[in-house]
Amino acid sequence: MEISWEIRGCNTKKRGKIELIQSKSGFIIGCCELVDCIKLNIEQYLNSKEKHCIENIDKLPYKSTYAWVLTNPYRYSAPKKYKHPN
């Protein structure tokens, strides 16, 4: 099972399928399963580059930093339009 981390500044209790929006594009490009959320300390963050793929790090990016644990990524064959609610 492939596992990736999405690094965020907030916790989430949500679990299950979520859709993935390409930043600043207005398009949903795929989906995955959100299976866990872990509050990170600096050692966990520095020692887990293979999960989050962020380079050149020396500090946590947020006051409270969380790893949203994602599995089963799937890229849609055609992106779907998305309008963020106000």
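Calculation rules
- Residues numbered from 1 in each chain as written.
- Predicted model: local features only at pLDDT ≥ 70, side-chain atom pairs only at ≥ 80, totals over all residues.
- Heavy atoms only, no water.
- Helix = DSSP H or I, 4+ residues; strand = E, 2+ residues; numbered from the N terminus.
- Buried < 20%, exposed > 50% of the residue type's maximum accessible area, 1.4 Å probe, protein only.
- Contact = heavy atoms within 4.5 Å.
- Salt bridge = Lys/Arg side-chain N within 4 Å of Asp/Glu carboxyl O.
- Phe/Tyr/Trp six-rings, centres within 6.5 Å; stacked < 30°, edge-to-face > 60°.
- Lys NZ or Arg CZ within 6 Å of the ring centre and 35° of its normal.

Asks: I'm lost on the environment of Ile-3 in this one. Help?
Replies: Among the secondary structure elements, Ile-3 is positioned in strand S1 (residues 3-8). Residue Ile-3 is classed as partly exposed on the basis of its relative accessible area of 38%. Along the primary structure Ile-3 and Asn-72 are separated by 69 residues, whereas in three dimensions their C-alpha atoms are 7.8 Å apart. Contact partners of Ile-3, with chain neighbours within four places excluded, come to Val-69, Leu-70 and Thr-71.

Asks: Can you walk me through the pattern of salt bridges in this structure?
Replies: A side chain of one charge can pair with a side chain of the opposite charge when the charged atoms of the two come close. Under the criterion given, the structure shown has three salt bridges. Of the charged contacts, one joins Arg-15 and Asp-36 as a salt bridge, the two residues approaching to 3.7 Å between their closest N and O atoms. Within this pair, whereas Arg-15 is found in the loop between S1 and strand S2 (16-22), its partner Asp-36 is found in strand S3 (residues 27-40), the two being separated by 21 residues in sequence. Close ionic contact of Glu-19 with Lys-80 constitutes a salt bridge, the shortest N to O distance being 2.8 Å. Of this pair, Glu-19 sits in strand S2 while Lys-80 sits in strand S4 (residues 65-81), and the two are 61 residues apart along the sequence.

Asks: Honestly, the packing of aromatic side chains in this entry has me stumped. Any pointers?
Replies: Think of a pair of aromatic rings as described by two things: how far the centres are apart, and how the planes are tilted against each other in angle. A complete count under the given rule lists one aromatic pair for this structure. Its guanidinium or amino end placed over the ring of Trp-68, Arg-8 lies 4.5 Å from that ring's centre, counting from NZ or CZ. The positively charged end of Lys-81 is found above the aromatic ring belonging to Phe-27, 4.9 Å away from the centroid.

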